[in-house]
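Chain by chain, the residues run as shown.
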Amino acid sequence: MFTFLVGKNHKPFNIHSELLRTQSPPLHALMNNDQMEESRVGVAVLEDDEVEVFNAFCHYAYTGVIHSPVIALQTVYPDQSGDATMEDSDEDDENKQKAKPIFSSRNLKFYAQLYFFATKYLFEDLRACARHHVWEILTDDDGFGGNAAVYLDFLKYVYENTSCDEPGGSLLRITVTSFISDYLTRADKKLPFEELFLSGGEVTRDVVYRLLATINDTGKESDSD
C-alpha cells in the first residue's frame, strides 16, 4: 500500500501501489520508482490538491464511477401514471433510474477541479469523464435563461485553470465555449457577456470562434430546409 497525504491538513489516503499502472503514469512512477524518495518511504504529500477531489479520484480509480459528497443527485423515474417524478437520491435502485448532478456553481467547479487533477496527472479516462459531466450539467440546466452570471463566472474559472497547451488541447475549454456560443445564439439577454467581448484575450477569441461556427452551422441547416 502507498499513502498520499492530501491537502493542507495532510489527510491520509491509502491505495494499492499497482492501481495506477495504466491509469496515471506520473502517480504510478511516484509510487513505484525506487529512485524517488516518496517511492522508497511509501508516502507522498499533495498539499495543493483538494481532499474532495482526491477522494473522488480514488473512487473512480477503483470503481470507474465518480462519487463525491458535494454533489446532490436528481433521480428521475416513471411513476404509475407514466409521468416523470423526481426525488433526491445518491443511490441507484433496482429499476436503474437515471441520476444526474443538479445544476449549481459548486457542482460545476467540482467537476472542473476533477478535470484539472486528471489533466495534471495524465489520467485520460477520468479527464474525459469529468468533462462529460460538466457538459451534462450545463445542457440540462432548467434555469437556462437566468444563469448567465454563473456561466460567465465558470467560463473565467476554467480559463484561469487550464491551458491551450494541454495534451490534445483543452477539452474543457472547448466544452464550455461551445455551450456559451450556443447560449448566446438563443438567449434573450446577452448581459453580462458584453463585458466579455470588450475584455479581449483568449476567452473572447475562443468564444467568438465557437459563436461564428455555431451561426455558420445554423445557416447551413436553414439553407438545407
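Residues numbered from 1 in each chain as written. Predicted model: local features only at pLDDT ≥ 70, side-chain atom pairs only at ≥ 80, totals over all residues. Heavy atoms only, no water.

1. Side note on the overall build of the protein chain
Link 1 in the chain: In terms of regular secondary structure, the protein chain is built from nine helices and six strands.
Link 2 in the chain: The proportion of buried residues among the 225 residues of the protein chain is 41%.
Link 3 in the chain: Residue pairs at least 24 apart in sequence account for 64% of intrachain contacts in the protein chain once pairs closer than 6 positions are excluded.
Link 4 in the chain: Carbon and sulfur atoms make up 49% of the accessible area of the protein chain, which amounts to about 12900 Å² in all. (Helix = DSSP H or I, 4+ residues; strand = E, 2+ residues; numbered from the N terminus. Buried < 20%, exposed > 50% of the residue type's maximum accessible area, 1.4 Å probe, protein only. Contact = heavy atoms within 4.5 Å. Areas by Shrake-Rupley, 256 points an atom, 1.4 Å probe, with all protein chains shown as cover.)

2. Remarks on the side chain of serine 24
Link 1 in the chain: Positionally, serine 24 belongs in the loop between strand S2 (11-15) and helix H1 (25-32).
Link 2 in the chain: At 2.6 Å, the side chain of serine 24 forms a polar contact with the backbone oxygen of tyrosine 121.
Link 3 in the chain: When sequence neighbours within four positions are dropped, the list of residues in contact with serine 24 reads Tyr121, Leu122 and Phe123. (Polar contact = N/O pair within 3.5 Å; in protein donor to acceptor, adjacent residues only side chain to side chain.)

3. Considerations on H1
Link 1 in the chain: Within H1, the full set of buried residues consists of Leu27, His28, Leu30 and Met31. Seen end-on, H1 carries its buried residues on one side only, within an arc spanning 160 degrees.
Link 2 in the chain: Contacts made by the buried residues of H1 are with strand S1 (2-6), S2, helix H2 (37-41), strand S3 (43-46), helix H3 (51-63) and helix H4 (105-120). (Arc of directions from axis to C-beta.)

4. Side note on the nonpolar core
Link 1 in the chain: Phe4, Phe54, Phe57 and Leu114 are the most contacted members of the largest nonpolar core, which totals 55 residues.
Link 2 in the chain: Counting residues per element, this core draws most heavily on H4, at nine residues.
Link 3 in the chain: Look past the residues within four positions of phenylalanine 4 in its chain and what remains in contact with it is Lys11, Pro12, Phe13, Ile15, Leu27, Leu30, Met31, Ala44, Leu46 and Phe54. (Core = buried A, V, L, I, M, F, W, Y, C linked by side-chain atoms within 4.5 Å.)

5. Focus: the environment of phenylalanine 54
Link 1 in the chain: Mapping phenylalanine 54 onto the fold places it in helix H3.
Link 2 in the chain: Here the alpha-carbon distance between phenylalanine 54 and glycine 7, two residues 47 residues apart in the chain, equals 9.1 Å.
Link 3 in the chain: Here phenylalanine 54 is in contact with Phe4, Val6, Phe13, Leu46 and Phe117, once residues within four sequence places are set aside.

6. What to know about helix H5 (residues 124-139)
Link 1 in the chain: Counted at 1.5 Å a residue, the expected span for H5 with its 16 residues is 22 Å, and the 23 Å between its end C-alpha atoms agrees.
Link 2 in the chain: Among all positions of H5, only Leu126, Arg127, Cys129, Ala130, His133, Val134, Glu136, Ile137 and Leu138 are buried. (Expected span 1.5 Å × (residues − 1).)

7. Looking at the confidence of the model for the protein chain
Reading predicted coordinates in detail is not appropriate for stretches of low pLDDT.
Link 1 in the chain: For the protein chain, the average pLDDT comes to 78, and 72% of its residues sit at 70 or higher.
Link 2 in the chain: This stretch, residues 72-98, has a pLDDT under 50; its non-local contacts, to residues over four places away or in other chains, come to 41 contacts. (pLDDT = per-residue confidence, 0-100.)

8. As for the sheet that holds S1
Link 1 in the chain: In space, the three strands of this open sheet follow the order S2-S1-S3, with mixed pairing throughout. Both outer strands of the open sheet, S2 and S3, are each paired with one neighbouring strand and no more. On average, each strand axis in the sheet is tilted by 25 degrees relative to the strand beside it, whichever way the strands run.
Link 2 in the chain: Summarising the sheet, S1 and S3 pair through four bridges and their orientation is parallel. (Pairing = 2+ DSSP bridges. Axes fitted to C-alpha atoms, helices over the stretch in contact; angles between N-to-C directions.)

9. Details of the packing of H4 against helix H6 (residues 148-161)
Link 1 in the chain: Packing of H4 against H6 leaves a shortest axis separation of 11 Å and a crossing angle of 15 degrees. Considering the angle they form, H4 stands roughly parallel to H6. Taken as a pair, H4 and H6 cross one another with a handedness that is right-handed. When H4 is examined against H6, the residues Ser105, Leu108, Lys109, Ala112, Gln113 and Phe116 are found in contact with a partner set consisting of Val150, Asp153, Phe154, Tyr157, Val158 and Asn161.
Link 2 in the chain: Across the contact of H4 with H6, the residue classes break down as seven nonpolar, three polar and two charged. (Parallel < 35°, antiparallel > 145°, perpendicular 65-115°, else oblique. Left-handed = near helix turned anticlockwise from the far one by under 90°. Nonpolar A, V, L, I, M, F, W, Y, C, P; charged D, E, K, R; others polar.)

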